[in-house]
Amino acid sequence: MKVKYLKLDKAEGPLIVMNEVEGAVYDEIVDIEMPGERRMGKVVQIDRDRVIIQVFQGTSGISLDDVSVSFTGKPMEIPLSREILGRVFNGIAVPIDGAGQIYSSKYYNINGRPMNPVARLYPRNYIQTGISSIDGLITLIRGQKLPIFSGDGLPHNQVAAQIVRQARISDEEAGKFAVVFAAMGIKHDEADFFRKVFEEAGVMDRVVMFINLADDPVVERIITPRCALTAAEYLAFECDMHVLVIMTDITSYCEALREISSAREEVPSRKGYPGYLYSDLASLYERAGMLKDSKGSITQIPILTMPNDDITHPVPDLTGYITEGQIVLNRSLYQMGIYPPINVLPSLSRLMKDGIGKEYTREDHPDVANQVFSAYSRVQEIRALAQVIGEDELSETDKKYMEFGRQFEERFTKQDFEEDRDIYKTLDLMWELLAILPEEELTRIDPSLVKKYLRK
Amino acid sequence: MANQGKIININGPVVKAVNMEGFMVREMVMVGKKKLIGEIISLEKDLGTIQVYEETSGLRMGEEVEGTGMPLSVKLGPGIIGNIFDGIERPLSKIYDSGHKFIPEGIGLISIDESKKWDVQILAKPGDMLDSGDVFAVVQETSMVAHKIMVPPGIKGRVTEVAESGSYNIHETLAVLENEGKKHELKMYQEWPVRKPRPVARRMPIEKLLVTGQRVIDTFFPLAKGGTAAIPGGFGTGKTITQHQLAKWSDADIIVYIGCGERGNEMTEVLEDFPKLKDPRTGNPLMDRTVLIANTSNMPVAAREASIYTGITIAEYFRDMGYNVAIMADSTSRWAEALREIAGRLEEMPAEEGYPAYLASRLAAFYERAGYVKNLNGTEGSITVIGAVSPAGGDFSEPVTQSTKRIVGAFLALDRELAYARHFPSINWLSSYSGYVPMLGDWFKENVAPDMMALRVKMLRILQEENKLMDIVKLVGEDVLPDDQRVILEISRIIKMGYLQQNAYHPQDSYVPLSRQYQMLKVIERLYDRAYSCVKKGIPLSKIKDEKLFSDIIMMKYNASDEKPGLFQELTERIDRYYDGLESMYKEGAADES
């Protein structure tokens, strides 16, 4: 018989405090029963017989006396089976699509465990997204974690949706493909947008959605990505599927973490975020990857909005230190009418170097990408100069760079939401653009490749 | 009966227990039913505060804490090289072999392989007097490392018994020493507490270059054997690639690579690449001299704090054998953040940005374990510490970067602007420095060329000059500058593209021996001298800048190889021919006019 505790000492924000509890287990789940409602919570701190519990649904409506709390002795676990495909759950993995519970004999701890680096398989297979700036310059690799750094009002959802739609088609093992979608604090219409995109792309039966909307309880937001990643690990490593995990919006997740941290009166570090923000984010992001003994993979595309478009804000900053690169969206490009507004210069794919070239995409890919990067970065310098002295005063070469910059944005970066360019088309386009420049400027490409691919 | 405490408080990786009277500070303990490994950080009456090196989720109030009677220590002996360990020296490959794709808690204290038999060659004879640090046996551990078995510090005596050379595991006794009636059994391994530096006879001056094969480092900001260096840079600036390049190519005998709070895939990459890569000097696989310590960013944070001590203790052990060891810590910022996280849980008073006040002194204590030393056994060895720093927001004014900068001898600042332009390694030549230049002058003179240091200064001056000119160019454009200044811009472009940029993935360019670095500099110098003197003679820059010649000089880094030793000679001759021709043409022209 489980012991039920009938008295709380304190209820404040997301936390309740209880005294005289015996044998509490760190991180265990507690059931909170109150008249007409059940809530769930988690033990976050134990001091002698005093226990601090974080209530997922918040403490609003809880009275100190009219409540019954029982301890389960176990961390949070969720049941998983193949039946989760096509289903919609709330932030703590309770089905909300009216199609009933998931029944499984197997329960999985949502905290996961760190992958043994020895067990990992280094990701090398590229994923064609059909978006030129990503495929050509920030190549996505299967098993990678590649976030989209965006800002409020920028089309990050469209970019993510386009990746989901187009990445599937190029996959030979289409039957082995699944999408896990974790929404944290996003708006209703954003969630609907994704649902519609999945339906239109005909992938709905391969999507698992975990939805915590902006008006849902804040503490659940901390649980949502963990449930989603546990489901992803199950699909990837037990069902051998290639799983694409979209997590949006990481910034709201971090704000939820901050809210709880301040309720617990912890020492804050930068901008009030807790000192363990890095470790906490890593415990999500590091769950991407591949294993030697498994055919599946987890590729993560977390989306975060940079407050005030500031890339040095703690959320994008710490994310960038953990993830394997980033896709950065840029407001001024978007205002110029360029979709997708990907600014390639601060963007980066760390795993790209090992997943492109002769054996994967095409032999000229590494050099030509390198050249386009450095040319476009030169364009920025020349534009700054042109602003001061006027474009007419530029040298001939510099004028060509200006033209390169314009065409790069208009023809290469800009692309229709429905347009799916394959990797060869993207690479050829890069050569076409480089042909604008004098040939001596192509110092980063092997001369033999220039000879082979450059068409003046 | 060992001491037993009782858990009364759990807060993340920090656990408090009562009944802790017989314990000591820094003692290693086993926490709870799962026997999680922990270390006591403070004691107050019967209350002990413990940091736990494993995930504490699932720990129950009232569970026991068991003492081990010794401080957090590592086992040092054959089986370390080529292996990958977690932050407290538990072998990850062995954990994987026992079926753990994900790292579980409570795997206990395992370390180097205890059953493996090693071929031991015994060097000591009965009757020998052995002192601390003396080598009494040797094991060829890998193709590159002869593992010298030493008498542990603090022990000495006359050899009374020795085993025959042959095959032994690390627990078998190889020799017995007797000193003042006390017997010491010597085995193949010794244990050492990680937080205590191993003793040396004395420190020696730093005067040897750590050759890295990276042009911008060797030529402009050289590292020294026994020195310290920091590599700060925001994300995406290439810290890890730079660290990997140093681990691959530097001419140390042993590399200890600590992945401290970084990505799991990066450790996997090292594990996949290093066995395939060949050491440029011996041709043996690089893994045969490398030790990896991995505490990836999602592994327990307390073990991150311990990982750099584990790493440096292993480094000191190999130094004691007379090896030059280089230790890479990627990244020390994560270590500092681990300190901060634990300090926060202990409710210590925070100093700058929430870091504890002892951050600077802990960092200093770590970097001070580097050095070029005379060992107890009379050999010379060194430890070079190269720490990556990941400043928040790429802002070098934050406490970890600043505290590190005060201590280290070389500072290789990675620059985000350069990285965006794909200029790699993105080491900023204006803000970086190496304090070892004066100490290495003689070494360069003897081992490279007498004028190497002069060349270095000349090139740096050109780059400095260019920086000043760029301020003007940014305002008014390049065309308005006089030709003698524009030639500086052109030559700087060659230095930047043809020399400073180095492609880590290009077979010819990944590692460049010093002799080739020198020759490349000489070619650039010749071009500069000739071009500059032409400008002074009034020849227009458009004639001086021969596109083909300039671009061939930029590309010389890819074309140079040991098979084509004549390349630099050929380029020099081409420069001379071109400018001789140009000068004589203009001399004639001038003569005609007059």
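Description of the structure in this document. Computed from a prediction, not measured in an experiment: that's the story for all the values here. (Residues numbered from 1 in each chain as written. Chains lettered and ligands numbered in written order. Predicted model: local features only at pLDDT ≥ 70, side-chain atom pairs only at ≥ 80, totals over all residues. Heavy atoms only, no water.)

### Structural notes on a nonpolar patch on the surface
Taken together, the side chains of Val388(A), Ile472(B), Leu475(B), Val476(B) and Val480(B) make up a nonpolar region of the molecular surface, amounting to roughly 430 Å² of accessible area. For the nonpolar patch, the element with the highest residue contribution is helix α11 (residues 452-476) of chain B, accounting for three residues. By secondary structure assignment, the location of Ile472(B) is in helix α11. (Patch = residues over 30% accessible without salt bridge, like charges linked within 9 Å, V, L, I, M, F, W, Y side chains within 5 Å. Areas by Shrake-Rupley, 256 points an atom, 1.4 Å probe, with all protein chains shown as cover. Salt bridge = Lys/Arg side-chain N within 4 Å of Asp/Glu carboxyl O. Helix = DSSP H or I, 4+ residues; strand = E, 2+ residues; numbered from the N terminus.)

### A word on the side chain of Asn377(B)
Residue and element names in this part refer to chain B. With respect to the helices and strands, the residue Asn-377 is situated in the loop between β23 (371-374) and β24 (380-389). Residue classification places Asn-377 among the buried positions, given a relative accessible area of 19%. Here Gly-133 takes part through its backbone oxygen, which lies 2.8 Å from a polar atom of the side chain of Asn-377. Within the local environment of Asn-377, its side chain forms a polar contact with the side chain of Thr-379, the two groups lying 2.7 Å apart. (Buried < 20%, exposed > 50% of the residue type's maximum accessible area, 1.4 Å probe, protein only. Polar contact = N/O pair within 3.5 Å; in protein donor to acceptor, adjacent residues only side chain to side chain.)

### Concerning the sheet that holds strand β14 (residues 166-168) of chain B
Residues and elements named next belong to chain B. As summarised here, the arrangement of the four strands in space is β12-β11-β9-β14, forming an open sheet in which the pairing is antiparallel. In this open sheet, the two edge strands, each paired with only one partner strand, are β12 (146-150) and β14. Here the average twist between neighbouring strands, direction ignored, is 40 degrees. For strand β9 (residues 118-122) and β14, the ladder comprises three bridges, and the chain directions are antiparallel. In the strand pairing of β14, Asp-119 is matched with Ser-167. (Pairing = 2+ DSSP bridges. Axes fitted to C-alpha atoms, helices over the stretch in contact; angles between N-to-C directions.)

### A look at the interface of chain B and chain A
Listed as interface residues are 78 residues of chain B and, on the opposing side, 78 residues of chain A. Summing the contributions of chain B and of chain A, the shared interface buries around 6500 Å²; its carbon and sulfur component is 53%. Connecting chain B to chain A are three salt bridges. The shortest N-O distance in the salt bridge between Arg124(A) and Glu272(B) comes to 3.0 Å. Taken together, the links from chain B to chain A amount to 34 residue pairs in polar contact (both at pLDDT 80 or more). Considering every element that reaches the side of chain B that touches chain A, the biggest residue donor is helix α4 (residues 264-273) of chain B, with eight residues. (Contact = heavy atoms within 4.5 Å. Buried area = accessible area lost by both parts, 1.4 Å probe.)

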